[in-house]
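Given next are the chains, with one letter for each unit.
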Amino acid sequence: MKTIQSVDRTVLLLDTIAQHPGEYTLSELSKVMRLPITTLHGFCTTLEHWKLLQKNEAGRYILGYRLFHYALSFNVEQQLIASVHPHLVSLTRQFNETFHLGIVRDDKVIYIDKSEPSKPYRMTSVVGNMDEYYNSAIGLLVLANRGIDIPAAYLQNCNDIRRDGYCLKFEPEMDAYCLAVALQDNSAGINIVLPQHRYTPGFCQQIVDAMRAVDDELQLSNRSFTI
């Protein structure tokens with residue numbers, strides 16, 4: 001598909017700042033994105049004018065408030081968050097680990113909510129992050145459930161997803177497991193980041209049962225969303 005270069009660059013610029021909020025000045029962005037400062041300055045100035053971008057007190061770029069306004073227009077996602085968030089909190093209290101709510105858009109996973117425990121050492125993350133599906137237990141699960149053929153290389157550290165009905169993905173760089181269960185007729189999912197030292201098959205099954213109970217309750221309460 002043919003795309004417009006200026007729009008491509010704008011999206012890449014916003015993605016870069018979303019992933020590293022408050023970290024880059026104009027010159028640093030120029031190096032990261034491999035664009036001339038003069039070209040990038042025009043993009044940033046225009047985005048600042050439209051409140052899609054702004055600078056913090058240190059003169060480094062963060063996303064502008066207009067993007068937050070746009071985000072609030074996603075009423076379906078907001079309803080999903082409102083319905084699922086109390087369950088995330090309950091799961092965190094029960095298992096004392098971080099739980100996420102994610103939705104799948106094409107081949108990307110967007111994390112739209114989370115609940116973290118209060119313990120000092122915990123797995124942490126940023127709501128709004130977007131991952132390739134193969135980097136996410138939620139993404140692998142949802143797309144596998146949709147019958148999409150996933151390359152074997154992406155499944156090397158996973159269980160048999162279709163057989164088990166959930167995804168257990170080991171993340172070597174984190175020394176942890178990501179365990180996901182699908183929600184809302186396979187349009188969203190909940191996952192937990194579980195340190196390896198806490199993993200046992202029995203504990204994993206307890207978490208799976210608890211996460212599936214969330215979807216059961218949503219279905220019983222007729223909480224249906226089209227994502």
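This text follows the structure it describes.
About the criteria used
Along each chain, residue indices are assigned from 1 in the same order as the chain's sequence is written. Thresholds applied to this predicted model are a pLDDT of at least 70 for local features of residues and 80 or more for the giving and counting of side-chain atom pairs; totals over whole chains, interfaces and linings are not thresholded and use all residues. No hydrogens and no water enter the side-chain calculation; it runs on all heavy atoms of the structure. Grouping buried Ala, Val, Leu, Ile, Met, Phe, Trp, Tyr and Cys residues that are joined through side-chain atoms within 4.5 Å yields what is termed a nonpolar core. For every residue, the accessible area (1.4 Å probe, protein chains only) is compared with the maximum for its type, and the residue is labelled buried under 20%, exposed over 50%, or partly exposed between those bounds. Secondary structure elements follow DSSP: runs of H or I of four or more residues count as helices, runs of E of two or more count as strands, with numbering from the N terminus. Residue contacts follow a heavy-atom distance rule, with two residues in contact if any of their heavy atoms lie within 4.5 Å. Should DSSP find at least two bridges between two strands, the strands are regarded as paired.

A.B. asks: When you look at the nonpolar core in this model, what are you seeing that I'm missing?
C.D. replies: Burial of nonpolar side chains together is a common tendency in soluble globular proteins. Core analysis: the largest hydrophobic core is formed by 29 residues, its most contacted members being Phe99, Leu101, Leu179, Ile190, Ile207 and Met211. Elements with a minimum of two residues in this core: helix H5 (75–95), strand S3 (98–105), strand S6 (167–171), strand S7 (176–183), strand S8 (188–195) and helix H8 (201–220). In terms of residue count, H8 provides more of this core than any other element does, eight residues in total. With near-sequence residues (within four places) excluded, Leu101 lies in contact with Leu80, Ile81, Val84, Leu88, Ile110, Tyr111, Ile112, Asp113, Leu183, Ala188 and Gly189.

A.B. asks: I tried to follow the pairing of S7 on my own but got confused; where do I start?
C.D. replies: Moving residue by residue along a regular strand, the side chains alternate between the two faces of the sheet. For S7, the buried fraction is high: eight of the eight residues fall into the buried class. One ladder, built from five bridges, connects S6 with S7; its direction is antiparallel. Bridging across to S7, Lys169 finds its partner in Cys178. When S7 meets S8, the two strands line up antiparallel, connected through eight bridges. Residue pairing across strands places Ala176 opposite Pro195, the latter belonging to S8.

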